[in-house]
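Topology and contacts: notes
Here are the chains, one letter per residue:
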Amino acid sequence: MSFSHSLVSRSLFPLRLLIFLIFLVSFGKSQKETLQVKVGVVLNTNVTLVDLSLRAINMSLSEFYKTNKDFKTRIVLHIRDSKQTVVGAAASALYLIKKKEVAAILGPGNSMQAPFIINLGNQSQVPIISFSATSPILDSLRSPYFIRAAHDDSAQVQSISAILKSFRWREAVPIYVDNEFGEGILPYLVDAFQENNVRIKYRCAISLHSSNDQIENELLKLMTMPTRVFIVHMLPDLGSRLFTIAKKIGMMDKGYVWIVTNGIADLMNLMGESTVEAMQGVLGVKTYFSRSKELAYLQTLWGKRFGGEELNHFGCWAYDAATALAMSVEKISEVNMTFNKTKKTMSRDDDETDLDDLATSLSGPKLLEALSTVSFKGVSGRFKLKQGKLEATTFEIINIEESGERTVGFWKSDGGLVKRLNASQSSSDLRPIIWPGDTIGVPKGWDHPISPKKLRIAVPKKDGFNQFVKVTNDANTNVPATSGFCIEVFNTVINQMPYDVPFDYVPFETPDGKSDGNYDEMVYRVFLGEYDGAVGDITILANRSAYVDFALPYSESGIVFVVPVKDEREKGEWVFLKPLTKELWLLTAFSFLYIGMMVWIFEYHADEDFRTHKMSDKISNVFYFSFSTLFFAHRKPSESFFTRALVVVWCFVLLILTQSYTATLTSMLTVQELRPTVRHMDDLKKSGVNVGYQSGSFTFERLKLMGYEESRLKAYDSPQEMRELFLNKSSDGGIDAAFDEVPYVKIFMAKYCSEYSIIEPTFKADGFGFAFPLGSPLVPDISRQILNITEGETMKRLEDKWFYGDRHCLDSTTTDTPIQLDHHSFRALFLMVFVVSVILLLLMWGIKRYKERRVEEIELVARDEVNEEGNVVDGDEADDNEHHVVDVDTALLRHKKLTSTSIPTRRATPLLRLKSA
């Protein structure tokens, strides 16, 4: 048995060995069937930043395939060095596409090398996946085969704009590297700043190849400008040189503001210690990745493999880009990974280039579609492409201090600036910040330029109205001296400014001492840059504001007409009729007649003596009674209660009417002595009189727009000339009215207020203002100081000093409202009299009707009782019936009389019975 069993076993051994060999072959064949997908990498391989990214890519693929061993595809990297040049990057990409036939390319390393490679990928349908080319300018290429596995630089401009808005800075200067990386952010930065009214007056572009002296010259130029807020957008190598030089020349001192983009903030570990020390006080916008378990795992793994080298955000994006590419390649594992080669690619003529026979990838469209739809939770957050790039939602705001960087807040796309990420809403501020110069006070963002040049402030040269501006030359030094209300206001404002503003007044005059033009021309010279500002009685107008910025007005606004007044004291034998209008006189007379009629009615029913009078006596008594209530109360009271009630109300009305009449008549005879010769501006046009205006003033054009003929407009230079024109009248070449601004009228009326008056409501004008170039940072600060002095006693003191304090003259403005009393003012009183009289009349009629009904009832009862007594008399008494009838009639008459005198009717029955007895 053992022999036979051994024999059988030996005979089966070759079969078992054959089966085992077949299994090994099958397993090896399955291993060989794993699809090797070639992917190109174009980077600057000798740069530290790129070296870290390559490590992240290799680590990503290693971890991915370690986790997904059953995947059918494996990415094989083909790395090419771009040699830090655009040509080198282009040559490397072309080599990978033509020679290696890669399915995709990771790279390039920067935005400058990207345009040609993107176009190359678009033509060959090979996806270009970049994790470090962040310039928004690449979007203009509109290539569907360009995948940005990173945030572009435009995503952070809203956070920078929010910082400027939070600290109310109105100007900023971007300092950027002069290439595609630096220029790409500018259009987006300008748009974001315009939303918050922040201006960019100057752009400082620094070449990557600039020497330190050239960088220093650019910074010295910035020091001569007023803006102190700088936005730095460049990479650490150039940024280190910039801040070192800025520290050297004093631009990292108190008052300066520096904000760096994530080009520097994300790579602070690459800045040297000396550079970090020079950057103390700088704010930075840094890319923020949420603290996830995926990121924590990678950081731990990174620390074990590479020691103290820090993983930056480019490494995280490279890690996720490699993972996304591996997942996408697996999705299209069944797709042909070769290129579509034509016959031309097999045989090329000598006059053809490498680009002419460029083949197209058969897997490119499918791979692009897979990349666009892939989504997973990566180390940099949720990896999901939107319009071919990752979307940024949060940025971290850092403050660089001596100990390093410190988080002072965050910016979220849905919440703005917040101190903490878990804040429910925007706090619009940040944690305390240490600013350059080791200060905690927020810089104002603007300062006077560090330059020996003072501001040249233009002042008008004029002959009249010197209370506002007066320019004189010193007899000894021939140096111009300025004075006046406007000059003193400006000096007061400058003295209250929180910083020093050196300036010199420069008269706007010709070499011979004459005015160099009108105010419009002076303002335009400020726009041209010949002057740094203009101070004087310069009215704020719309056309002038197109060339300069005005501070808030510091004077009264408006334009008025001034006309002479005449003594129109009310005189004549009929002056007593003028306090009331014709309508009111008629209404009063009608009311007297009406009251007389009502008294007639009431007295007629109440007084028997009144009914016995003659008709002429009745009329005279009633109306005498009505009219005499104006002067005295009657000794003999009226017989009717209704008359007395009506007279009480009528006396109340007469009291108000007579008192108003007396006050108005007194005013006419005493107070209202002066009246303007013209009451309405339309009267000026109709009368054809001359109208005066101040020389060089905009009122000349305003008068022409109103329809006044130019031949009727006369100019004056001073209050004295204005007075002389008024004295001459229009018939002698003078004027009958003047059209000028309120401040000038105030000066004129201070001397001649008893002879002239102001008509019409004030025309619109914005008053006097100080003019400065468009966008001048001085304007908001000066406006604040103007508010300070106008709200206090300072402005009142200056006006009293220069305008003699005669403010009451401006209160003599005349309107068209007549001084007579009209019927509208007493409508309610007369209506009250009418209503009361009607009520009393209805009440009287009601009482009368009630009494008449009672009398009828009593008569009926009396007759019934008499009839009953007459039926029971004896026959011998028949002779006395006539006597009884007479007695009954007499009783009825007496009963009626007693009833009319308010004797109770129930007493009538006993009286009748007594008579019958």
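Just above, that's the structure.
Read on for an overview of the structure. Being a predicted model, the structure only gives us computed values, none of them experimental. (Residues numbered from 1 in each chain as written. Predicted model: local features only at pLDDT ≥ 70, side-chain atom pairs only at ≥ 80, totals over all residues. Heavy atoms only, no water.)

**Re the overall build of the chain**
To be explicit about the condition: What counts as a helix is a DSSP run of H or I of at least four residues, what counts as a strand is a run of E of at least two, and both are numbered from the N terminus. Burial classification: accessible surface area is computed with a 1.4 Å probe over protein chains only, and a residue below 20% of its type maximum counts as buried, one above 50% as exposed, and the rest as partly exposed. Note on contacts: a residue pair is in contact if any heavy atoms of the two residues lie within 4.5 Å. Per-residue and other accessible areas follow the Shrake-Rupley method at a 1.4 Å probe size, with only the shown protein chains counted as cover for residues.
Helix and strand counts for the chain stand at 31 helices and 31 strands. When the 917 residues of the chain are sorted by exposure, 48% land in the buried category. Pairs at least 24 apart in sequence give 73% of the contacts found in the chain among residues at least 6 apart. When the accessible surface of the chain is split by element, carbon and sulfur atoms take 54% of a total near 47,300 Å².

**Some thoughts on the sheet that holds strand β3 (residues 104–106)**
Definition in use: At least two DSSP bridges between two strands are needed for those strands to be called paired. In this analysis, axes come from line fits to C-alpha atoms, helices being fitted only over the stretch in contact, and the angle between any two N-to-C directions falls in the range 0 to 180 degrees.
Read across the open sheet, the 5 strands follow the order β2-β1-β3-β4-β5; overall the sheet is parallel. The open sheet is flanked by β2 (73–81) and β5 (146–148), the only strands paired with a single partner. The average angle at which neighbouring strand axes cross in this sheet is 25°, direction not considered. Across 9 bridges, the pairing between strand β1 (residues 35–43) and β2 is parallel. Within β2, the residue paired with V37 across the bridge is I75.

**A word on the pairing of strand β6 (residues 173–177)**
A large share of β6 lies buried, amounting to 5 of its 5 residues. When β6 meets strand β8 (residues 229–233), the two strands line up parallel, connected through 4 bridges. Paired with I175 across the two strands is V232, which belongs to β8. Two strands pair when backbone bridges link them, and β6 and strand β7 (residues 204–206) are joined in this way by 3 bridges, in the parallel orientation. Looking across to β7, one finds that I175 is bridged to C204.

**With respect to the packing of helix α25 (residues 719–728) against helix α26 (residues 742–752)**
The line we're drawing: We call a crossing left-handed when the near helix sits turned anticlockwise from the far one by less than a right angle, and right-handed when that turn is clockwise. In this classification, the charged set is Asp, Glu, Lys and Arg, the nonpolar set is Ala, Val, Leu, Ile, Met, Phe, Trp, Tyr, Cys and Pro, and all remaining amino acids, among them Gly, are polar.
For the pair α25 and α26, interaxial distance at closest approach is 10 Å and the crossing angle is 65°. Crossing angle aside, the handedness with which α25 passes α26 is right-handed. Between α25 and α26, the residues in contact are P719, Q720, M722, R723 and F726 and I747, F748, K751 and Y752, respectively. Tallied by class, the residues present in the contact of α25 with α26 amount to 6 nonpolar, 1 polar and 2 charged.

**Considerations on the packing of helix α5 (residues 157–166) against helix α7 (residues 186–195)**
Interaxial distance between α5 and α7 falls to 9 Å at its minimum, and their mutual angle equals 35°. Where α5 crosses over α7, the two elements pack in a sense that is right-handed. Here α5 contributes V157, Q158, I160, S161 and L164 to the contact with α7, which in turn contributes Y188, L189, A192, F193 and E195.

**Concerning the sheet that holds strand β17 (residues 416–418)**
Pairing within the open sheet is mixed, and its 8 strands lie in the order β7-β6-β8-β9-β10-β15-β16-β17. Edge positions in the open sheet fall to β7 and β17, since each of these has one partner strand only. Each strand of the sheet is rotated relative to its neighbour by a mean of 25°, with strand direction disregarded. As defined by bridge partners, strand β15 (residues 394–401) adjoins strand β16 (residues 404–412) across 8 bridges and the pair is classed as antiparallel. When the bridges of β16 are listed, E396 appears paired with F410. Of the strands in this sheet, β8, β9 (257–260), β10 (283–287), β15, β16 and β17 touch α5, which is tilted by about 150° from β10.

**Remarks on helix α12 (residues 293–306)**
Here is the rule: Helix span, as expected, comes to 1.5 Å for every residue beyond the first.
The terminal C-alpha atoms of α12, which comprises 14 residues, lie 20 Å apart, in line with the 20 Å expected from a rise of 1.5 Å per residue. A positive phi of about 65° marks G307, the residue just after α12.

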